[in-house]
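Single-letter residue listing:
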Amino acid sequence: MIPSDVKATLSFSDGSPSMDLPIYKGSVGPNVIDIRKLYGQTGKFTYDPGFLSTASCNSTITYIDGDKGELLYRGYPIEQLAQNCDFMEVCYLLLKGELPNPQEKKDFDRLVSVHTMVNEQMQFFLRGFRRDAHPMAVMTGLVGALSAFYHDSTDVHNPEHRAIAAIRLIAKMPTLVAMSYKYGIGQPYIYPKNSLSYSANFMRMMFATPCEDYEPNEVLVRAMDRIFILHADHEQNASTSTVRMCGSSGTNPFAAIAAGVACLWGPAHGGANEACLNMLGDIQKQGGVEKIGEFIKQVKDKNSSVKLMGFGHRVYKNYDPRAKLMRETCHEVLGAVGLGNDPLFKLAMALEKIALEDEYFVARKLYPNVDFYSGIVQRAIGIPVPLFTAIFALARTVGWIAQLDEMIGDPEYKIGRPRQLFVGSEPRHVKPLAQRG
Ligand code: SDX
């Protein structure tokens, strides 16, 4: 962090002593006011529920410019990474800070491949679930259960232990997601095949059966790989902040990632892609494009809790660059699978056009986010709707791990422990039960 030569001065109208607060500059983006000494010197906390004006850490991993609609992983624009790299190169970049050269990529691909199997005991955790359990409930359980297999071999303060835990998690998430899918449809699990690329291996574990050979469709594999790239990391979002907070206690990295999976499930966060597709399906059932006006009216009605899922973002006040790339992928995939006239895609594009011209959305700077089109692509690839957020968790695992590693590797890090503004009862005495009216 670079100290700014400008400082902030906090003064109080009741004559309490004022206080100078240092300001630090990042390499790009907003500066920060360092309030670490505020409580010690003033006895006051800052108040920022939802952290709209709070930087929880300093980071070198992902930068978002919400006004410009920019997203950079380690300085590289997401558009260029989606165009020129595969997901394994992006994982290497997020973990190590630089893109791999051809030999480094070959070694990394191999290292991940040889960790794709899970312990045979893992299948018995699945048996405890009903076949119709939501995949995110299963994934929260399975990822948490992974910690039982590595708890004794993971000293989170040992960088080598953190590195192998990162590889294990990146490698095993596709296997676990595919197992949760196969369990739900009553088909046998398909073991990883290490001669395949990461995304082709995942598609095979998802859609192959022991009864016949399976040839991955290259267009769909590339689309799946791009979905992983677009979801890999996203600064200090809710689930990443959960992983950082959970990991700050020194817990097992597998347990911290399980906490991230649980947080991502929410419809305001990673669960939005499933909610968005269900929303499009409901509008389609009610009459499709002709019904959009009525739906938008509900969204604008403050008494209804209806939201346009896949729209809006805490940071992006312009178009989410991932949504643009996802819309392009929609065209490619729908064309490849003969769904060029997919009614839901047409409905989504009509809904987007109407929303972007409507004052309610314009005034609130509500644009499509990554979840608006990702569900349509995943559905065209053959991913069932309830599995969308599990795919998001699979992709985001590398970002969670990179952020956790950055935090634990920072000698200044402390366990997270925010304070509060207490507005409850002042001290009072307990009356014995017999005296309570
Ligand atoms: C992800 O943080 C990340 O980076 C997340 C993510 C990542 O990669 O990790 O990008 C992934 O979670 C994307 C977001 C997915 N969620 C959705 O699509 C759900 C629908 N969107 C919203 O619920 C909402 O936009 C949030 C939660 C995403 C952001 O909400 P904020 O920033 O807290 O803003 P807000 O709820 O205070 O909304 C501001 C105004 C409100 O209206 P007013 O009270 O000012 O009149 O905009 C309205 C909201 O009612 N609004 C919406 C809306 N989103 C906000 N109105 C209708 N439909 C929406 N989708």
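If you're wondering where the values come from, they're calculated on a predicted model, not measured in any experiment. (Residues numbered from 1 in each chain as written. Predicted model: local features only at pLDDT ≥ 70, side-chain atom pairs only at ≥ 80, totals over all residues. Heavy atoms only, no water.)

Draft legend 1. Region of interest: the overall build of the protein chain. Scanning the protein chain for helices and strands turns up 18 helices and six strands. Since a compact globule built from 437 residues should have a radius of gyration of about 22 Å, the 24 Å found for the protein chain is in line with a globular shape. Counting only C-alpha atoms and orienting by the principal axes, one finds that the protein chain spans roughly 80 × 65 × 55 Å. Per-residue burial for the protein chain yields a buried fraction of 47% across its 437 residues. For the protein chain, the share of sequence-separated contacts (at least 6 apart) that also reach a separation of at least 24 residues comes to 70%. Accessible area for the protein chain stands at about 22,300 Å²; split by element, carbon and sulfur atoms hold 54% of it. Mean positive and mean negative side-chain charge positions of the protein chain (46 and 46 charges, respectively) differ by 6 Å. (Helix = DSSP H or I, 4+ residues; strand = E, 2+ residues; numbered from the N terminus. Rg over C-alpha atoms; globule rule 2.2 N^0.38 Å. Buried < 20%, exposed > 50% of the residue type's maximum accessible area, 1.4 Å probe, protein only. Contact = heavy atoms within 4.5 Å. Areas by Shrake-Rupley, 256 points an atom, 1.4 Å probe, with all protein chains shown as cover. Lys, Arg positive; Asp, Glu negative; His and termini not counted. Charge placed at Lys NZ, Arg CZ, Asp CG, Glu CD.)

Draft legend 2. How the structure looks around a nonpolar patch on the surface. A surface patch of nonpolar side chains, about 400 Å² in accessible area, is lined by Tyr47, Leu421 and Val423. Within the secondary structure layout, Tyr47 lies in the loop between helix 1 (38-42) and strand 4 (62-65). (Patch = residues over 30% accessible without salt bridge, like charges linked within 9 Å, V, L, I, M, F, W, Y side chains within 5 Å. Salt bridge = Lys/Arg side-chain N within 4 Å of Asp/Glu carboxyl O.)

Draft legend 3. Structural view of helix 8 (residues 198-207). Among the ten residues of helix 8, nine are classified as buried, and the element is accordingly described as predominantly covered. All of the buried residues along helix 8 are Tyr198, Ser199, Ala200, Asn201, Phe202, Met203, Arg204, Met205 and Met206.

Draft legend 4. Structural detail: the packing of helix 9 (residues 218-230) against helix 17 (residues 370-381). With their axes 10 Å apart at the nearest point, helix 9 and helix 17 run at an angle of 150° to one another. Once helix 9 is placed against helix 17, the crossing between them reads as left-handed. Counted together, Leu220, Ala223, Met224 and Ile227 of helix 9 and Val377, Gln378 and Ile381 of helix 17 form the full contact between these two elements. In terms of residue class, the contact of helix 9 with helix 17 is made up of six nonpolar, one polar and no charged. (Axes fitted to C-alpha atoms, helices over the stretch in contact; angles between N-to-C directions. Left-handed = near helix turned anticlockwise from the far one by under 90°. Nonpolar A, V, L, I, M, F, W, Y, C, P; charged D, E, K, R; others polar.)

Draft legend 5. Geometry of the state of the cysteines. The tally for this structure, following the rule as stated, stands at zero disulfides. In this structure Cys91 is a free cysteine whose sulfur lies 11 Å from that of Cys85, the closest cysteine sulfur available. Here Cys246 is not cross-linked by a disulfide; its sulfur's nearest cysteine counterpart is in Cys263, at 11 Å. Given the relative accessible area of 24%, Cys246 is considered partly exposed. (Disulfide = S-S within 2.5 Å.)

Draft legend 6. Expanded view of the pattern of salt bridges. Under the defined criterion, the tally for this structure stands at 17 salt bridges. A salt bridge links Glu406 to Arg244; its shortest N-O distance comes to 2.8 Å. With a gap of 162 residues between them, Glu406 in helix 18 (residues 388-408) and Arg244 in helix 10 (residues 238-247) connect regions that are remote in the sequence. We classify Arg244 as buried; its relative accessible area is 8%. With a closest N to O distance of 3.1 Å, Arg379 and Asp342 form a salt bridge. One end of the pair, Arg379, is in helix 17; the other, Asp342, is in the loop between helix 14 (321-336) and helix 15 (343-357), and 37 residues separate them in sequence. The network of salt bridges with common partners includes Asp34, Arg36 and Glu412.

Draft legend 7. Examining the site of the ligand more closely. Taken together, 24 residues lie around the ligand, and His234, His313, Arg314, Arg322 and Arg396 are the ones closest in. Contact between the ligand and His234: an oxygen atom at 2.6 Å from a side-chain N or O atom of the residue. One of the side-chain N or O atoms of Arg314 is found 2.8 Å from an oxygen atom in the ligand. Out of a free accessible area of 1,100 Å², the ligand has 75% covered by protein chains. A class-by-class count of the residues in the shell around the ligand yields ten nonpolar, seven polar and seven charged. (Near = heavy atom within 4 Å. Polar contact = N/O pair within 3.5 Å; in protein donor to acceptor, adjacent residues only side chain to side chain.)

Draft legend 8. Structural view of empty space enclosed by the protein. The final tally for this structure, using the stated rule, is one cavity of 30 Å³ or more. In terms of residue class, the lining of the largest cavity is made up of one nonpolar, two polar and two charged. (1 Å grid on protein atoms, 1.4 Å probe; cavity = no way out; pocket = protein on both sides within 12 Å on 5 of 7 lines; lining within 4 Å. Points joined across faces, edges and corners; volume = space filled by probe spheres on them.)

Draft legend 9. Representation of the side chain of Thr116 in the model. Counting through the fold element by element, Thr116 comes out in the loop between helix 4 (102-113) and helix 5 (122-126). A polar contact is formed between the side chain of Thr116 and the side chain of Asn194, at a distance of 3.0 Å. Beyond its immediate stretch of four places on either side in the chain, Thr116 contacts Ala171, Lys172, Thr175, Pro192, Asn194 and Asn201.

Draft legend 10. Structural context of the sheet that holds strand 5 (residues 70-73). Spatially, the three strands line up as an open sheet ordered 4-5-6, and their pairing is antiparallel. The open sheet terminates on both sides in strands that have one partner only, identified here as strand 4 and strand 6 (76-77). Pairing between strand 5 and strand 6: two bridges, direction antiparallel. Its bridge partner being in strand 6, Tyr73 is matched across the sheet by Tyr76. (Pairing = 2+ DSSP bridges.)

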